[in-house]
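Structural overview for review
The primary structure of each chain is shown beneath.
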Amino acid sequence: MLYAIQSFMTNSSVKKKKIFIKSYGCQMNVYDSNRIKDLFVNQGYALTNKIEEANLVVLNTCHIREKATEKVYSDIGRIKKIKNKRHKNNFKLVVAGCVAQAEGKEIKNRSPLVDYVVGPQSYHKLPEMIDNDYSNININDEFLQNEKFKNLLFNSTNKVSEFVSIQEGCNKFCSFCVVPYTRGSEFSRPVEEVLKEIQNYTANNIKEIILLGQNVNAYHGKGKDGKSKDLAYLINKISELDKLKRIRYMTSHPIDMSKSLIDSHGTNSKLMPFLHLPIQSGSDNILKAMNRKHSVKDYIEVIEKIKSVRPDIALSSDFIVGFPGETDKDFEDTMRFVEKVKFVIAYSFKYSARPGTPAQKKDNVDIKIKKARLKALQSLLKLQQVNYNKAFINHNLEILFEKEGRYKNQYVGRTIYNQSAFVSHSKNLINKIRKVKVLRSTDFALECQL
Ligand code: 5AD
Ligand code: SF4
């Protein structure tokens, strides 16, 4: 207990304890890391970006692909050297996130120097675990979504844009994916709770909110009247906040793109014309084997409906190549599909067999073929991105400026279509929305003039 009391004392005679947090993987982990930071800052900790000077190190991990998981174990190996030089009571190592959930016991066996293991639905317990120094119950992998959100703090971390987790978990069970096991079944936060969190941020002049969920468009949180509300309702409610100017949401599943959500893209001017809608493959055979619950035609129908209400919608997606059983023809179908739809940006991955998933034991596409397919797909996607951005040269676009750029007087922000853009200007533009003219497009960003 002395540990907690000391850390609360913030006067100059007692040095503050320091916390170092590393986030792996998705935006939801970034959000969770911010909440973990808030919990410990509230306990008197200061944040540090130097692991060597930390008293508490939290690795907030990702389990989605094998590479992400292995990175955690190699980082633990490096931290071991630092920890060995420190007094064991003055350097605690926490593994949080989805690897913690999936491999809690294995982590403790493989790396005895890890002090606490805590899953993504119980990390609100971390301060209590550390205060009480639970020595024999130092793994917490309970699914406590409801309790978790009620016990978190929501301090604004950014100046312009904030992530807000509104939905967690997944009931879809795509055959390649660990999320239903690591994050649990679908859970939606109540509307009022989400609104309250966002009001915290708008009071701090935040202008953009990015609503997060593994299946964000399956959102069905309870409204004030006790009835279940959908994502379109929540977006419309949020958009009533005057200070808020931009709303985005991710990640969506094609089968949950409801009429009300699609219509919101045509009616709600604060909802940005950008949609991240993973399809994973352009072959119906593979979509079936992936248990995606939709066909290529279903997907195209969804985007046609959105385009009918918002013709300029910018589309983004995720793809997996080399899924078990993927033939040359299946892959060709993916390439033809991409050529047809034209994505403004998309993420693509080699299939990675994940423990406990139905597809795990079927991994049968040669690694060389996976690599070649990934290269071909990424070149096509890059070409589409470059062409998309080039088409804006000499056009005007609205940018919300987020931060300073690499050079003096340079400011970086995002267009309504989520492109990164920058300008040089003598006045500070951070947190301002300005119309700019696009001068040039580089591989990653638009160079603009105010
Ligand atoms: N192998 C490769 N990529 C995967 N993804 C999820 N699981 C796997 C896996 N086992 C990708 C999907 C998903 C994104 C977040 O990660 O494309 O949409
Ligand atoms: Fe994973 Fe599929 Fe659920 Fe997305 S919809 S989180 S890919 S199981």
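Every value quoted in this text rests on a predicted model; they were computed, and no experiment measured them. (Residues numbered from 1 in each chain as written. Chains lettered and ligands numbered in written order. Predicted model: local features only at pLDDT ≥ 70, side-chain atom pairs only at ≥ 80, totals over all residues. Heavy atoms only, no water.)

Some thoughts on the site of ligand 2
- Close to ligand 2 lie C170, K172, F173, C174, F176, C177, V179, P180, N215, H253 and R292, which account for all nearby residues.
- For the shell around ligand 2, the residue count by class is seven nonpolar, two polar and two charged. (Near = heavy atom within 4 Å. Nonpolar A, V, L, I, M, F, W, Y, C, P; charged D, E, K, R; others polar.)

Remarks on the site of ligand 1
- Near ligand 1, the surroundings consist of I64, R65, F176, Q280, D318, I320, F349, K350, Y351, S352 and R354.
- Between an oxygen atom of ligand 1 and a side-chain N or O atom of R65, the distance comes to 2.8 Å.
- S352 places a polar main-chain atom, nitrogen or oxygen, 2.8 Å from a nitrogen atom of ligand 1.
- Here ligand 1, which alone exposes 400 Å², has 86% of that area covered by the protein.
- Those elements that provide at least two residues to the shell around ligand 1 are β13 (314-321) and β14 (345-350).
- The residue inventory of the shell around ligand 1, partitioned by class, reads five nonpolar, two polar and four charged. (Polar contact = N/O pair within 3.5 Å; in protein donor to acceptor, adjacent residues only side chain to side chain. Areas by Shrake-Rupley, 256 points an atom, 1.4 Å probe, with all protein chains shown as cover. Helix = DSSP H or I, 4+ residues; strand = E, 2+ residues; numbered from the N terminus.)

Notes on helix α13 (residues 328-341)
- Helix length check: α13 (14 residues) gives 20 Å between terminal C-alpha atoms against 20 Å at 1.5 Å per residue, within 8%.
- Among all positions in α13, only D330, F331, T334, M335, F337, V338 and V341 are buried. Each buried residue of α13 sits inside an arc of 160° when the element is viewed along its axis, so together they form one side. What points out from α13, more than 90 degrees from its buried face, is the exposed set D328, K329 and K340.
- Buried-residue contacts for α13 involve α11 (284-289), α12 (296-309), β13 and α14 (367-390).
- A positive backbone phi angle near 65° is found at K342, which sits one or two residues after α13. (Expected span 1.5 Å × (residues − 1). Buried < 20%, exposed > 50% of the residue type's maximum accessible area, 1.4 Å probe, protein only. Arc of directions from axis to C-beta. Contact = heavy atoms within 4.5 Å.)

Considerations on the packing of aromatic side chains
- All chains considered together, the criterion is met by twelve aromatic pairs.
- Both rings, one in F149 and one in F187, keep their centres 6.1 Å apart while their planes meet at 10°; by these two values the pair is stacked. Of this pair, F149 sits in helix α6 (residues 145-150) while F187 sits in strand β9 (residues 187-188), and the two are 38 residues apart along the sequence. F187 shares its class with F149; the two are buried.
- For the ring pair F323 and Y351, a centre distance of 5.4 Å and an interplane angle of 75° mean the geometry is edge-to-face. Here F323 is found in the loop between β13 and α13, whereas its partner Y351 is found in the loop between β14 and α14, with 28 residues between them in sequence. Both residues of the pair, F323 and Y351, count as buried.
- Members of the aromatic cluster, joined through ring pairs, are Y299, F319, F337 and F343.
- Here the guanidinium or amino end of R65 rests over the ring plane of F349, the centre of that ring lying 3.6 Å away. (Phe/Tyr/Trp six-rings, centres within 6.5 Å; stacked < 30°, edge-to-face > 60°. Lys NZ or Arg CZ within 6 Å of the ring centre and 35° of its normal.)

A short note on the confidence of the model for the protein chain
- Per-residue confidence for the protein chain averages 93 on the pLDDT scale, and 96% of its residues sit at or above 70.
- Contacts for the low-pLDDT stretch residues 1-13, under 50 throughout, to residues beyond four places or in other chains number 19 contacts. (pLDDT = per-residue confidence, 0-100.)

Overview of helix α3 (residues 66-84)
- When the terminal C-alpha atoms of α3 are compared, their 27 Å separation across 19 residues agrees well with the 27 Å that a helix rising 1.5 Å per residue should span.
- Residues T69, V72, Y73, D75, I76, I79, I82 and K83 constitute the buried set of α3.
- Of the surrounding elements, those touching the buried residues of α3 are β1 (18-23), β3 (56-61), β4 (92-96) and α4 (97-110).

Notes on the sheet that holds strand β17 (residues 420-424)
- Taken in spatial order, the five strands close into a barrel running β15-β16-β17-β19-β18, and their pairing is mixed. This sheet shows a mean twist of 55° between the axes of neighbouring strands, independent of strand direction.
- Pairing of β17 with strand β19 (residues 445-449), which is carried by four bridges, proceeds in the parallel orientation. Looking at the pairing, F422 lines up with E447 of β19. (Pairing = 2+ DSSP bridges. Axes fitted to C-alpha atoms, helices over the stretch in contact; angles between N-to-C directions.)

Considering the pattern of salt bridges
- Under the defined criterion, the tally for this structure stands at 30 salt bridges.
- We note a salt bridge from R183 to D32, for which the minimum N-O separation is 3.0 Å. Of this pair, R183 sits in the loop between α7 (179-182) and β9 while D32 is found in helix α2 (residues 27-41), placing the two residues 151 residues apart along the sequence.
- Between E197 and R189 there is a salt bridge, with its nearest N and O atoms 2.7 Å apart. Each member of the pair, E197 together with R189, is buried.
- One salt-bridge network, in which partners are shared between bridges, spans K22, K71, D75 and R78. (Salt bridge = Lys/Arg side-chain N within 4 Å of Asp/Glu carboxyl O.)

Brief notes about the domain arrangement of the protein chain
- Domain annotation for the protein chain reports domain 1 (3-144), domain 2 (147-380) and domain 3 (396-449).
- With 29 residues of domain 1 at the interface, the matching set in domain 2 holds 33 residues.
- For the pair domain 1 and domain 2, the two sides together bury roughly 2600 Å², of which 57% comes from carbon and sulfur.
- Across the domain 1-domain 2 interface, the total number found is two salt bridges.
- Residue E147 is joined to K125 by a salt bridge in which the shortest nitrogen-to-oxygen separation is 3.5 Å. (Domains from an automatic or database assignment. Buried area = accessible area lost by both parts, 1.4 Å probe.)

Considering the state of the cysteines
- Applying the stated criterion to the full structure yields zero disulfides.
- Left unpaired, C98 is separated from the closest cysteine sulfur, that of C62, by 6.6 Å. (Disulfide = S-S within 2.5 Å.)

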